[in-house]
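Next come the chains, spelled out residue by residue.
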Amino acid sequence: MSEQSPQQPAAPNPADQADPGFDAMTRDIAEVPAVEVITTVAVHLMSSAAVNLGLAEEGEDHKDLDEARKLIQALAGLVTASATEIGSYHAAPLRDGLKSLQLAFREASVVPDEPGQGPGEKFTGPVYG
């Protein structure tokens, strides 16, 4: 008598299954105004930069100035590039938050960057407190 191995079912192919949730998400994101997407991304960058600057609870545990520099640089590029598109009503608070983070970075640095050389300052110009 020969033994037959049980036939294993084929792995499901994701392309064969329509995910109704994906279609709904695509429609939902299409309805979100660009200004809302831009400001949401900016707020996420700000929050992450603040944590990496050690400004959150238990700040010293999460402090990473290299990561903060990258996030502030990205934020400055986004805010500067999008300011004319989103209007001053939305851009002004983002600029204020960016400046606060740039100043906090300078304060947190053991050896502060020269004015105009800090994170994001190639986009914003030198930041003074």
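That block above? That's the structure.
Given the structure is predicted, the values throughout are model-derived calculations rather than measurements.

(A) Representation of the overall build of the protein within the structure. Per the secondary structure count, the protein includes 6 helices and 0 strands. Shown N-terminal to C-terminal, the secondary structure of the protein runs as helices and strands in the order α-α-α-α-α-α. Pairs at least 24 residues apart make up 56% of the contacts formed inside the protein by residues separated by at least 6 positions. Just so you have it, the protein exposes about 9,100 Å², and 55% of that area is on carbon and sulfur atoms.

(B) Spotlight on the nonpolar core. In this structure, Leu 53, Ile 72, Leu 75, Leu 94, Leu 98 and Leu 101 are the most contacted members of the largest nonpolar core, which totals 20 residues. At the level of secondary structure, the elements contributing two or more residues to this core comprise α2 (34-52), α4 (65-86) and α5 (88-108). In this structure, Leu 94 is in contact with Thr 39, Ala 42, Met 46, Val 79 and Ile 86, ignoring residues within four places of it in sequence.

(C) How the structure looks around the pattern of salt bridges. For the coordinates displayed, the defined rule picks out 5 salt bridges. The shortest N-O distance in the salt bridge between Arg 106 and Glu 121 comes to 2.9 Å. Here Arg 106, found in helix α5, pairs with Glu 121, found in helix α6 (residues 121-124); they are 15 residues apart in sequence, far enough to count as distant. Three or more residues are tied together by salt bridges with common partners; here these are Asp 66, Glu 67 and Lys 70.

(D) Quick look at α2. Across its 19 residues, α2 extends 27 Å between first and last C-alpha, which sits within 8% of the 27 Å expected from 1.5 Å per residue. Taken as a whole, α2 has its buried residues at Ile 38, Thr 39, Ala 42, Leu 45, Met 46, Ala 49 and Asn 52. Projected down its long axis, α2 carries its buried residues within an arc of 150 degrees, all on one side. Gly 54 occupies a position one or two residues after α2 and carries a positive phi of about 85 degrees.

(E) Up close: the environment of Ile 86. As for its position among the elements, Ile 86 is in helix α4. Taking the C-alpha atoms as reference points, Ile 86 and Ala 34, separated by 52 residues in sequence, lie 8.1 Å from one another. Sequence-distant contacts of Ile 86, that is, excluding residues within four places in its chain, are made with Val 35, Ile 38, Ala 91 and Leu 94.

(F) Spotlight on the side chain of Asn 52. Turning to its location among the elements, Asn 52 is positioned in helix α2. Using a relative accessible area of 13% as the deciding quantity, one classes Asn 52 as buried. For Asn 52, the residues in contact, after removing those within four places along its chain, are His 62, Lys 63, Asp 64, Leu 65, Glu 67, Ala 68 and Leu 71.

(G) Representation of the packing of α2 against α4. Across the interface, α2 lies against α4 with an axial gap of 9 Å and an inter-helix angle of 155 degrees. When the interaxial angle is binned, α2 and α4 end up roughly antiparallel. With respect to the hand of their crossing, α2 and α4 are arranged in left-handed fashion. From α2, Val 35, Ile 38, Val 41, Ala 42, Leu 45, Met 46, Ser 48, Ala 49 and Asn 52 reach across to α4, where they touch Leu 65, Glu 67, Ala 68, Leu 71, Ile 72, Ala 74, Leu 75, Leu 78, Ser 82 and Ile 86.

(H) The arrangement of the packing of α2 against α5 in detail. Contact geometry for α2 and α5: axes closest at 11 Å, N-to-C directions at 15 degrees. Regarding the angle of α2 to α5, the classification is roughly parallel. The two elements α2 and α5 meet at a crossing, and its hand is left-handed. The residues of α5 that touch α2, namely those facing Val 35, Thr 39, Ala 42, Met 46, Ala 49 and Ala 50, are His 90, Pro 93, Leu 94, Gly 97, Leu 98 and Leu 101. Per-class residue counts for the contact of α2 with α5 are 9 nonpolar, 3 polar and no charged.

The rules behind these values
Residues numbered from 1 in each chain as written. Predicted model: local features only at pLDDT ≥ 70, side-chain atom pairs only at ≥ 80, totals over all residues. Heavy atoms only, no water. Helix = DSSP H or I, 4+ residues; strand = E, 2+ residues; numbered from the N terminus. Contact = heavy atoms within 4.5 Å. Areas by Shrake-Rupley, 256 points an atom, 1.4 Å probe, with all protein chains shown as cover. Core = buried A, V, L, I, M, F, W, Y, C linked by side-chain atoms within 4.5 Å. Buried < 20%, exposed > 50% of the residue type's maximum accessible area, 1.4 Å probe, protein only. Salt bridge = Lys/Arg side-chain N within 4 Å of Asp/Glu carboxyl O. Expected span 1.5 Å × (residues − 1). Arc of directions from axis to C-beta. Axes fitted to C-alpha atoms, helices over the stretch in contact; angles between N-to-C directions. Parallel < 35°, antiparallel > 145°, perpendicular 65-115°, else oblique. Left-handed = near helix turned anticlockwise from the far one by under 90°. Nonpolar A, V, L, I, M, F, W, Y, C, P; charged D, E, K, R; others polar.

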